[in-house]
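# Coordinate inspection notes
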Amino acid sequence: NNLVVIATANEPPTMAPHQHNAVAGGYMNILTHNGMFKTNIDTLAPEPGLIESYENVSDKEWRLHVRQGVKFHDGSDMTAEDIVASMEYARENSSYTNTYSTFWDKLEIKDDYTVVVTTKEVYAKTLIDLSSHYVLPKELVEQGNEAVAAYPIGTGPYKYVKWTLGDSVEFEAFEDYWEGAPAIKHLKYRIIPEGSSRTIALEAGEIDFIVEVDNNDLARLEETEGIEVINKTGTSFNFLVLNNERAPFDNQ
């Protein structure tokens, strides 16, 4: 039945990409949505995504050429209007998205497939910030936050199917995906908070892939026949946040 089951430790807070900054939610969002640019995994340079090409017209002006022939999961065609509506929506939902949605001064739609972005100042991170912008249908954005959360419609390789709270999230391949239909037709994320339980599920063949491998089980999994452990250098960082307004952390 062409199903791949992935285990992850945490449940996403929402399927709406602009309404969280959780890693677990990010796993789901990269299936259902595309950014305006994407990051090259080896060089970390921004590359064309939903924006096919661009010109840096002047110090503060960027002319973006929107990729043509891209469809949303609801069958509608993506245009410059959807790009601008999504960027403005990201700015309005600033509690989670303000790190990448405050750099521009003006957005102009020149035609169906051209957007001009004028930045507030000379800004080196323009393309990197645009990479963080997931594009939603304008019609969905206009219906507000609840609709965006309930119907996670994007242009991504997978369509959202079902979320069983505390258990799993299911996706199916989007056959009209602009980069070509995915080979894996069904994906299921299983929520398994306990590390050793994820390992046991993998060994038993209940799941195909673990995102967060339990450190205590790593050596065992590396020695297990039929299980492949992929060890790659990452670019993420972890941090600890302390509330400096509460004792004893309020005492410098």
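Heads up: these notes are all about the structure in this document. This is a predicted model, so every value here is computed, not measured. (Residues numbered from 1 in each chain as written. Predicted model: local features only at pLDDT ≥ 70, side-chain atom pairs only at ≥ 80, totals over all residues. Heavy atoms only, no water.)

### Digging into the overall build of the chain
A tally of regular secondary structure across the chain gives eight helices and 11 strands. Expressed as lengths along the three principal axes of its C-alpha atoms, the size of the chain is roughly 60 × 55 × 35 Å. Classification of the 252 residues of the chain by burial places 40% in the buried group. Taking the contacts inside the chain whose residues are at least 6 apart along the sequence as the reference set, 56% of them involve residues at least 24 apart. Element-wise, carbon and sulfur atoms account for 47% of the exposed surface of the chain, whose accessible area totals about 14,400 Å². Charge-centre separation for the chain: the mean point of 20 positive side chains lies 3 Å from the mean point of 41 negative side chains. (Helix = DSSP H or I, 4+ residues; strand = E, 2+ residues; numbered from the N terminus. Buried < 20%, exposed > 50% of the residue type's maximum accessible area, 1.4 Å probe, protein only. Contact = heavy atoms within 4.5 Å. Areas by Shrake-Rupley, 256 points an atom, 1.4 Å probe, with all protein chains shown as cover. Lys, Arg positive; Asp, Glu negative; His and termini not counted. Charge placed at Lys NZ, Arg CZ, Asp CG, Glu CD.)

### Re the sheet that holds strand β7 (residues 114–119)
Strand order in the open sheet made by the four strands is β4-β5-β7-β6, with antiparallel pairing throughout. Because the sheet does not close on itself, it has two edges, and the strands there are β4 (51–56) and β6 (104–111). This sheet shows a mean twist of 20° between the axes of neighbouring strands, independent of strand direction. Bridge count between β4 and strand β5 (residues 61–66): five bridges; the pairing is antiparallel. By the bridge assignment, asparagine 56 is partnered in β5 with tryptophan 62. Contacts from helix α2 (residues 80–92) reach β4, β5, β6 and β7, with the element oriented near 165° to β6. (Pairing = 2+ DSSP bridges. Axes fitted to C-alpha atoms, helices over the stretch in contact; angles between N-to-C directions.)

### As for the packing of aromatic side chains
Inspection of the entire model under this criterion finds eight aromatic pairs. Between tyrosine 54 and tryptophan 62 the ring centres are 5.9 Å apart and the planes differ by 40°, which places this aromatic pair in the tilted class. Considering the side-chain rings of phenylalanine 103 and tryptophan 104, the 5.3 Å spacing of their centres and the 85° angle between planes classify their relative orientation as edge-to-face. The class for phenylalanine 103 is buried, based on a relative accessible area of 6%. An aromatic cluster is present here, built from Phe37, Tyr54 and Trp62 joined pairwise through their rings. (Phe/Tyr/Trp six-rings, centres within 6.5 Å; stacked < 30°, edge-to-face > 60°.)

### Structural notes on the pairing of β6
Here β6 pairs with β7 via six bridges, running antiparallel. When the sheet's bridge partners are listed, lysine 106 is paired in β7 with threonine 118. Counted along the chain from β6 to the antiparallel partner β7, the turn is two residues long.

### Section: the pattern of salt bridges
What the rule picks out here adds up to 12 salt bridges. With a shortest N-O distance of 2.9 Å, aspartate 77 and lysine 71 are connected by a salt bridge. Among the residues examined, lysine 71 registers a relative accessible area of 27% and is labelled partly exposed. One salt-bridge network, held together by shared partners, links Glu81, Lys138 and Glu142. (Salt bridge = Lys/Arg side-chain N within 4 Å of Asp/Glu carboxyl O.)

### A word on the nonpolar core
The biggest cluster of nonpolar side chains holds 22 residues, and the ones touching the most others in it are Met36, Leu64, Ile83 and Val117. For this core, the secondary-structure elements that each account for two or more residues are β5, α2, β6, β7 and α4 (126–131). Sort the elements by how many residues they give to this core and α2 lands first, with four residues. Membership of the second largest hydrophobic core comes to 10 residues, among which are Ile6, Met15, Leu31 and Phe171. (Core = buried A, V, L, I, M, F, W, Y, C linked by side-chain atoms within 4.5 Å.)

### Focus on the pairing of strand β8 (residues 158–164)
Pairing of β8 with strand β9 (residues 168–173) involves six bridges; the strand directions are antiparallel. Looking at the pairing, lysine 159 lines up with glutamate 172 of β9. Hairpin connection from β8 to β9: three residues lie between these consecutive antiparallel strands, with glycine 166 at a positive phi of about 80°.

Take it as geometry only, folks, not as evidence of what the structure does.
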